[in-house]
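One letter stands for each residue in the lines below.
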Amino acid sequence: MTEARAGGVAVVMGAEELGVVMPGDLRERLGELTGRTVRVKAVEAREGRESGESGESGEGRGNIPGPENLEGVEVLVTGWGCPPLTKAVLDRAPRLRVVVHAAGSVKQLVTEEVWERGIVVSSAAGVNAGPVADFTLAVIALAAKGALPMAAAYANGRWPAFTERRGADGRTVGVIGASRIGRGVMAGLRASAAGYRVLLFDPYVTGEDAERMGVERVVSPADLCRASDIVTVHAPETPETRRLLDEQHLALIPDGGTVINTARGSIVDTAALERECASGRLSAWLDVTDPEPLEQEQRLLSLPNVMVTPHIAGAQGSEGRRLGVWAVEEVGRWVKGERLLGEVRREELGRLA
């Protein structure tokens, strides 16, 4: 590949995210790599709400204000809070050549207009996958121990007998989706001393693929649910996966089972899961919900066998800097004409989170 000389460089992301993901030292490094002054736009949440719908994790908030912001820009670094790159935005950025997203999914950011103009898109989704996989593995360990129902019983004055306690050894974990995160979770489970049996449902994965990953492929979500003590969701949000875990599938999970969702809230039927958990038959650990956020009166928030967290599994706090470091390095690769590690292709987008 030939070396690309960067023109104008801009960083656009939410005001809250900017200082964590792309602080001053990383912006300075970005300028050194490109040989250009880096323009910065911190998008206020209110600004986005007034001009467009709010997207997941703060993505997709309206239009980037001010046509001067992208004038002459060839390299655009985005993050959570950046509005979608619509035709109106791109008309003000005729020289834009590459978008590097210092966050996960680009579905709320990239429009058809981006692909039509031949703009290269790259995402730090692979970096963001690490914290999500770590979070999920921790939750699986807790679920295998029956931590939520045990804690609830303890709070009510009941100390469980030794014979009532659960262990992780030999538990069956069903993984829905061999995404980056799903693969990270499966690798962690395979490395555990607990000897988990790992099942996988993913229509795009062959039996040979599953064998190479050291897991068992099942042909339907029903088969996975029937055999799994713990079901963990790592599939993208598509028309095919919407409410994949519906009332019928949830009913197949054995009594005492657990549902974990760190992917997309719409993949699980919220009302059906609430009924199963309210009955005490299943437990749940949910980092994403549908809707998101839940209304305060939603029963899931108060059930003792359910833990709902506010979309914290991905890179948060001190982890956010990982995304910025990766984005700066990715821009450096683009400037040098090297292969981009996080490039997103138009034909792949439908299968990505």
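As shown above, the structure is provided for reference.
Everything numeric here is computed off the predicted structure, so don't read it as measured data.

A. Highlighting the pairing of strand 10 (residues 258-261). A two-sided burial pattern is seen for strand 10, the buried positions comprising Thr258 and Ile260 on one face and Val259 and Asn261 on the other. As paired elements, strand 9 (residues 230-233) and strand 10 share 4 bridges and run parallel to each other. Within strand 10, the position partnered with threonine 232 by the bridge is isoleucine 260. Assessed by its sense of winding, the connection that carries the chain from strand 9 through helix 11 (residues 247-252) to strand 10 is right-handed. Summarising the sheet, strand 10 and strand 11 (residues 283-286) pair through 4 bridges and their orientation is parallel. Looking across to strand 11, one finds that asparagine 261 is bridged to leucine 286. Remark: the strand 10/helix 12 (residues 270-278)/strand 11 crossover connection has right-handed handedness.

B. The sheet that holds strand 10, seen in detail. If you trace the 7 strands from one edge of the open sheet to the other, you get 8-7-6-9-10-11-12, paired in parallel fashion. Edge positions in the sheet fall to strand 8 (216-217) and strand 12 (306-308), since each of these pairs with one other strand and no more. Pairing of strand 11 with strand 12, which is carried by 3 bridges, proceeds in the parallel orientation. By the bridge assignment, leucine 286 is partnered in strand 12 with valine 308. Strands strand 6 (172-176) and strand 7 (197-201) of the sheet are contacted by helix 8 (residues 180-191), whose axis makes an angle of about 165° with strand 7.

C. Geometry of the nonpolar core. Counting residues in each nonpolar core, the largest one holds 27 residues, and the members touching the most others are Ile176, Leu224, Val233, Leu245, Leu250, Ile253 and Leu273. Looking at this core, the elements with two or more residues in it are strand 7, helix 10 (221-227), strand 9, helix 12 and strand 11. The dominant element in this core, judged by the number of residues it contributes, is helix 12, at 3 residues. Among residues more than four places away in sequence, those in contact with valine 233 are Ile176, Leu245, Ile260, Asn261, Thr262, Ala263, Ile267 and Val268. Counting 26 residues, the second-largest nonpolar core is a separate cluster that includes Met22, Val38, Leu323 and Val335.

Rules used throughout
- Residues numbered from 1 in each chain as written.
- Predicted model: local features only at pLDDT ≥ 70, side-chain atom pairs only at ≥ 80, totals over all residues.
- Heavy atoms only, no water.
- Buried < 20%, exposed > 50% of the residue type's maximum accessible area, 1.4 Å probe, protein only.
- Helix = DSSP H or I, 4+ residues; strand = E, 2+ residues; numbered from the N terminus.
- Pairing = 2+ DSSP bridges.
- Right-handed = clockwise from strand over helix to strand, strands pointing away.
- Contact = heavy atoms within 4.5 Å.
- Axes fitted to C-alpha atoms, helices over the stretch in contact; angles between N-to-C directions.
- Core = buried A, V, L, I, M, F, W, Y, C linked by side-chain atoms within 4.5 Å.

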